[in-house]
Amino acid sequence: MSTADWKNYEPVIIPDIKDLDKIDVYVKNGGYKALESILKDKKKWADPKSVINEVKEANIRGRGGAGFNAGLKWSFMPPADGGPRYLACNGDESEPGTFKDRKIFEYNPHIFIEGALIAAYAMEITTIYVYIRGEYKAYIDMMEKAIADAYEKGYIGKNILGSGYSVNFYVTYGAGAYICGEETSMLESLEGKRGYPRVKPPFPAQKGLWGRPTTINNIETLAHVPSVINRGAEWFKSVGAENHPGAFLYGISGHVNRPGVYELPSGVPVLELINDVAGGMRNGKKLKAVIPGGSSTPVLRADQLDGITMDSESLRTVGSMVGTAGMVIMDEDTDMVDVLWRIAHFYHHESCGQCTPCREGTGWLEKILLKIKNGEGEVKDLDLLLDLTTQMEGRTICALADAAAWPVRYTINRFRDEFEARCKKVIKASNKAISHQS
Amino acid sequence: MPEVIIDGQQYEFEGQHKLLQFIQDLGKEVPFFCYHPSMSIPANCRQCMVKVGQYVKDRETGDYETDENGENVIRWFPKLQTACNIDVADGMVVHTQETDELVRRAQKDNLEFILINHPLDCPICDQAGECPLQIQTYKYGPEGSRFEVKKVHKPKRVQLGPRVVLDAERCINCTRCTRFTEEISKTHQLTITSRGDKNYPITAPGAEFDDPYSLNTVDLCPVGALTSADFRFKARVWEMNQTPSIDITNGKGSNIDLWTRDNIILRITPRFNADVNDHWIPDESREAYKLFNENRISRPQQKLEGEQILSSWNNAIATLTEQIEETDNSKILFIGSPHASVEENYSLGKFTNLLGLKQPVFTPHIEEGTGDGFLITDDQAPNTNGCRLLGFTELDGASLKKEVKKAELVVLLSDHLIDRALLSESDLADKFVIAFATNHSETTKAADLVIPITTAAEHAASYVNTDGRIQRTFRAKEIRYTNRRLDLEMSEGRLDRYGTNFDNWVTEDNKIDCLPLWSFISEAAKSSGLDLTLTEGREIMEEIAETLEPFKGVSYPVMDEQSGIQLSIKSKEKTKA
């Protein structure tokens with residue numbers, strides 16, 4: 001299916017089936033077939049490696065934002081040595097504008113569970129953790145229920161479906177820190193420690209949770225795995241954009257008529273997503289700007305969006321990224337200074353404080369932006385902001401500093417007039433002298 | 001041999017090295033705050049940024065690829081790297097701030113960030129003068145600040161525990177202190193609280209930072225966030241002279257520095273010795289600075305009608321000589337001390353030899369169960385093994401009591417036997433007791449003649465620790481009879497070099513009226529007609545090394561060069577200590 005006929009795409013992860021979160025309904029609709037297949041169909045799946053190869057071939061690019069080939073990531077796990085190995089599923093989902101994994105927890109938890117089980121089998125892992133953000137209390141409960149059901153039905157636990165393969169599945173949850181969505185600080189948090197990102201190398205595949213080999217995958221990434229097993233890598237690659245194949249869970253929010261999560265092929269034109277999928281702009285207003293993939297991805301002006309599709313290749317041409325496909329749509333009434341201050345406030349609040357440039361830089365950015373927002377800024381402050389973004393970017397352990405710097409840089413660059421208009425008019429010295437005399 | 005190119009200079013190396021440590025070991029510099037060679041590397045201050053690349057190797061031939069000019073092709077890392085956590089590799093090319101503008105800029109940027117929320121209170125900050133942040137800002141920092149908004153405010157003057165005070169605003173979140181309690185003292189008492197620019201180290205709610213090694217965090221702190229409750233506001237760093245010494249509060253012989261101003265020891269800090277105490281000392285070793293200043297015995301004192309009164313040196317010599325002459329040799333008991341140095345004990349031993357008396361005895365000062373297997377030992381004395389190697393008779397408490405009972409004249413060397421509950425006042429009541437001592441105690445109170453002698457801060461002398469390592473002290477303060485201007489071995493402070501005459505150490509009262517034991521004994525021997533001249537520690541140690549097998553090869557220059565010498569001791573002695 002090419003991107004053009006996205007309208008004919010049939011959702012796989014969040015199809016329109018009532019009560020799909022119940023295990024019986026899920027199984028009735030073909031659930032856990034993929035798991036059964038890899039465990040039992042030895043002709044098709046000779047060994048765990050063959051599962052990894054299929055997933056690698058499918059090129060599921062990580063849906064957490066970085067877009068790394070999931071199968072390739074799996075292949076980085078060292079050979080099993082009898083000791084513990086872990087799969088840590090990242091459901092921290094805390095980037096503003098992103099709310100797709102929540103949809104999976106709520107509507108189809110078992111497809112994620114099945115995907116995680118397949119991943120665990122492929123990497124010969126016997127312990128799975130799913131880390132869910134603490135604010136998702138309701139979905140944590142739902143996941144716990146779903147996992148308990150799957151245990152009961154024999155999909156999780158000892159000797160799954162009589163295959164001899166055993167695995168345990170635990171739900172853990174965060175305590176409200178954005179940084180714990182960063183994979184290595186999520187591991188720290190799982191270990192019960194303060195969520196500080198770890199220095200890499202060593203990478204989690206070598207030394208992860210409790211110093212043991214660990215793979216970390218996003219929830220949506222794993223939810224794509226069962227369909228890859230059921231329908232094959234070729235089918236998956238045929239969906240959506242060539243370099244970023246498969247479906248996306250587009251999380252569309254903002255000034256549109258029908259905000260929500262939509263499962264559609266990758267590479268759908270941005271404007272069609274706004275107008276056809278999300279029902280167009282609210283109150284017939286004009287589109288002003290789009291943040292395409294969560295608050296850290298560079299904002300795009302409406303005039304940049306012609307012919308741009310939601311995949312990494314196309315978005316790169318206009319200087320942005322697909323991120324988590326959590327799109328924030330803003331209309332003509334939006335004050336970009338306020339938007340940017342709010343984003344900067346978020347990163348200031350969430351910087352873990354480990355690395356100097358991020359700890360100090362995020363606060364400084366916010367304080368200057370607040371000054372500008374209150375009409376007390378000067379034009380030179382804008383240049384200082386841009387300078388600070390280069391001082392922060394690429395100088396820290398994890399990417400939070402980059403995530404904080406990019407919105408500032410690109411929003412100012414792309415909406416500079418608006419920012420300058422908010423700045424104080426600097427009275428020139430000669431004018432001052434005159435006013436003194438009078 | 002593998003090679004690394006740093007700032008255009010080629011260096012060979014063997015084994016594994018972290019780049020920052022490697023650069024430091026070369027005598028070069030890259031600024032840093034969070035890195036510490038004895039702890040894990042968090043790479044969180046981001047100050048040691050350098051540019052790192054790698055010569056490109058031809059996969060087939062294994063040779064380095066060259067460009068059209070014959071220069072090696074370099075593949076640079078896309079981002080600057082922190083030198084602290086990157087391994088030195090063959091064919092690695094490194095540009096530090098010395099050769100690269102980008103690196104200079106990055107380090108300056110980072111310092112600008114560190115300083116935006118750091119209070120500019122250096123004039124009232126204890127750390128000023130020995131502050132890595134201050135020093136590196138002068139060297140690598142920006143000229144001014146572009147920060148025109150409000151700084152973050154955090155708790156100040158927080159008494160974290162009995163000995164450490166926190167100023168959270170000064171903290172740069174390097175996590176050295178929290179890593180220390182996690183990795184070195186293992187009490188896990190400190191952690192970072194809150195997030196982002198609001199975070200700072202703190203204990204658990206209601207918990208005290210009473211770690212027995214807590215004051216090491218004050219030394220580790222690269223800013224003035226953690227200060228010593230005892231030392232803060234007592235002195236500026238540049239007013240004090242720093243003198244290397246050895247901890248005398250227990251058997252470990254931790255290497256320390258004494259900080260002196262006007263002949264008062266104001267604080268004690270650890271001195272690095274990889275073979276003994278690494279970078280650390282226990283808090284109780286620091287509190288020992290008071291021993292050098294307070295409760296000191298100044299001028300000899302003699303008991304007349306039950307009261308100790310000040311006496312004179314001439315009288316002290318005369319009394320000692322007289323008592324020895326009048327008492328039957330078999331009724332004289334000399335007691336050496338594990339609390340005194342090798343040189344002092346040797347001097348005492350030599351004196352007894354020449355007098356034809358038996359060797360001094362001694363009783364180790366060991367309190368079972370007080371040690372922690374790290375730097376606090378069961379042994380309460382710094383020189384137990386020194387006494388053993390000198391061949392002194394080792395007595396337990398009971399046998400000492402028996403020996404004392406037989407004696408009529410007891411000569412004690414700096415060992416507070418009554419305070420240690422080895423003897424009671426009544427044991428000494430009918431004897432003539434002469435005590436050589438540094439500080440007043442119950443024991444000196446019971447003595448008929450008290451002769452003040454120098455402490456480890458006032459003489460150069462050596463101590464053999466529980467592991468059999470002999471290490472020595474330096475003179476850190478003057479006594480009444482010395483002039484530090486004539487003593488080439490005494491350290492020079494910044495005020496000595498750059499100060500005015502008013503900055504001289506002038507308070508006469510701070511000088512104790514005491515003598516090194518060997519000087520006094522030489523005088524006493526002279527008056528007894530004995531041929532004994534002991535001038536100073538250095539020469540006494542030369543004599544010991546010549547005459548006593550266990551000390552063969554020991555001398556001050558060798559000890560200074562190798563920061564101590566390992567002597568061979570019997571394993572029994574080691575475990576007993």
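All residue numbers here refer to positions counted from 1 along the written sequence of the relevant chain. Both sets of labels track the order of writing: A upward for chains, 1 upward for ligands. For a predicted model such as this one, the threshold for reporting local features is a pLDDT of at least 70, and the threshold for listing and counting side-chain atom pairs is 80 or more; totals across whole chains, interfaces and linings nevertheless cover every residue.

## Digging into the sheet that holds strand β5 (residues 247-254) of chain A
All names here are of chain A.
Here is step 1: Strand pairing requires that DSSP identify at least two bridges connecting the strands. Strands are runs of DSSP state E lasting at least 2 residues, helices are runs of H or I lasting at least 4, and numbering of each runs from the N terminus. Taken in spatial order, the five strands of this open sheet run β6-β5-β9-β7-β8, and their pairing is mixed. The open sheet terminates on both sides in strands that have one partner only, identified here as β6 (260-265) and β8 (300-301).
Here is step 2: With six bridges joining them, β5 and β6 adopt antiparallel strand pairing. By the bridge assignment, alanine 247 is partnered in β6 with proline 265.

## As for the nonpolar core
Here is step 1: Nonpolar core, as used here: buried Ala, Val, Leu, Ile, Met, Phe, Trp, Tyr and Cys residues forming one set through C-beta atoms within 7 Å. Every C-beta atom is placed from the backbone, and the number of other C-beta atoms within 10 Å of a residue's own sets its class: buried at 20 or more, exposed at 12 or fewer, partly exposed in between. Membership of the largest hydrophobic core comes to 273 residues, with the highest contact counts inside it found for Ala88, Ile118 and Tyr250 of chain A.
Here is step 2: Distance between backbone-placed C-beta atoms decides contact: two residues are in contact if it is within 7 Å. What alanine 88 of chain A contacts, discounting residues up to four positions off in sequence, is Tyr129, Tyr131, Met186, Leu187, Leu190, Leu209, Thr214 and Ile216 of chain A.

## Quick look at the environment of alanine 340 of chain B
All names here are of chain B.
Here is step 1: In this fold, alanine 340 is placed in the loop between β17 (332-335) and α9 (342-355).
Here is step 2: Residue alanine 340 is classed as buried on the basis of its 31 C-beta neighbours within 10 Å.
Here is step 3: The spatial distance from the C-alpha of alanine 340 to the C-alpha of leucine 220 is 31 Å, given a sequence separation of 120 residues.
Here is step 4: Not counting the four nearest positions on each side in its chain, alanine 340 is found in contact with Asn345, Asn383, Leu413 and Ser414.

## Thoughts on the domain arrangement of chain A
All names here are of chain A.
Here is step 1: Marked domain ranges trace back to an automatic or database domain assignment. Segmenting chain A into domains produces domain 1 (7-237), domain 2 (239-331) and domain 3 (336-422).
Here is step 2: One C-alpha centre belongs to domain 1, the other to domain 3, and the line joining them spans 35 Å.
Here is step 3: Of the residues lining the interface, 10 residues belong to domain 1; the matching set on domain 3 comes to seven residues.

## Notes on the interface of chain B and chain A
Here is step 1: Across the contact, 27 residues belong to chain B and 27 residues belong to chain A.
Here is step 2: Secondary-structure elements contributing two or more residues to the side of chain B that touches chain A are α2 (101-116) and β9 (191-193) of chain B.
Here is step 3: No other element matches α2 of chain B, which puts six residues into the side of chain B that touches chain A.
Here is step 4: Here the side of chain B that touches chain A is built from residues that sort into 12 nonpolar, eight polar and seven charged. Classification convention: Asp, Glu, Lys, Arg as charged; Ala, Val, Leu, Ile, Met, Phe, Trp, Tyr, Cys, Pro as nonpolar; all other residues, Gly among them, as polar.

## Considerations on the packing of helix α15 (residues 356-373) of chain A against helix α17 (residues 400-414) of chain A
Residues and elements named next belong to chain A.
Here is step 1: Put simply, α15 and α17 touch, their axes get as near as 9 Å, and they point 25° apart. Taken as axis vectors, α15 and α17 run roughly parallel relative to one another. Crossing of α15 over α17 shows left-handed handedness. Residues Pro357, Cys358, Gly361, Thr362 and Leu365 of α15 form the contact with α17, whose own contacting residues are Leu400, Ala401, Ala404 and Val408.
Here is step 2: Residues of the contact of α15 with α17, tallied by class, amount to seven nonpolar, two polar and no charged. Orientation is described by axes fitted as lines to C-alpha atoms, over the contacting stretch for helices, and by angles from 0 to 180 degrees between their N-to-C directions. Angle categories: roughly parallel below 35 degrees, roughly antiparallel above 145, roughly perpendicular from 65 to 115, and oblique for all the rest. Helix crossings are classified by the rotation of the near helix relative to the far one: an anticlockwise turn of less than a right angle makes the crossing left-handed, while a clockwise turn makes it right-handed.

## Observations regarding the environment of valine 103 of chain B
All names here are of chain B.
Here is step 1: Here valine 103 lies in helix α2.
Here is step 2: Between the alpha carbons of valine 103 and threonine 533 there is a distance of 62 Å; along the sequence they are 430 residues apart.
Here is step 3: Leaving out residues up to four positions away in the same chain, valine 103 has contacts with Met49, Val50, Lys51, Leu80, His95, Thr96 and Gln97.

## Considering helix α2 (residues 33-40) of chain A
Residue and element names in this part refer to chain A.
Here is step 1: Buried within α2 are the following residues: Ala34, Leu35, Ile38 and Leu39. In an axial view of α2, the angular spread of the buried residues amounts to 125°, which keeps them on one side of the axis.
Here is step 2: Each element contacted by the buried residues of α2 is listed here: α3 (48-58), α6 (109-122) and α10 (225-231). The arc in question is the one traced by the directions running from the helix axis out to the C-beta atoms.

## Some thoughts on the confidence of the model for chain B
Here is step 1: For every residue, the predictor states its confidence as a pLDDT score lying anywhere from 0 to 100. In this model, chain B carries an average pLDDT of 94, and 99% of its residues clear a pLDDT of 70 or more.
Here is step 2: As a predicted assembly, this complex carries a pTM of 0.93 together with an ipTM value of 0.92.

## Topic: the sheet that holds strand β12 (residues 241-246) of chain B
Residues and elements named next belong to chain B.
Here is step 1: Spatial strand order, β12-β13-β14: three strands in an open sheet with antiparallel pairing. At either end of the open sheet lies a strand with only one pairing partner, and these are β12 and β14 (264-270). Taking each pair of neighbouring strands and ignoring which way they run, the sheet shows an average axis angle of 30°.
Here is step 2: In terms of strand pairing, β12 meets strand β13 (residues 255-261) through six bridges, oriented antiparallel. Residue pairing for β13: proline 244 is matched across the bridge by aspartate 257.

## What about the pairing of strand β24 (residues 469-472) of chain B?
All names here are of chain B.
Here is step 1: The side-chain alternation of β24 yields two buried faces, one formed by Arg469 and Gln471 and the other by Ile470 and Arg472.
Here is step 2: Two strands pair when backbone bridges link them, and strand β23 (residues 462-464) and β24 are joined in this way by three bridges, in the antiparallel orientation. What sits directly across from valine 464, in β24, is isoleucine 470.
Here is step 3: Taking the residues that link successive antiparallel strands as the turn, the β23-β24 hairpin has four residues, and the phi of glycine 468 there is positive, at about 85°.
Here is step 4: The pairing of β24 with strand β25 (residues 565-566) spans two bridges and is antiparallel. What sits directly across from arginine 469, in β25, is glutamine 566.

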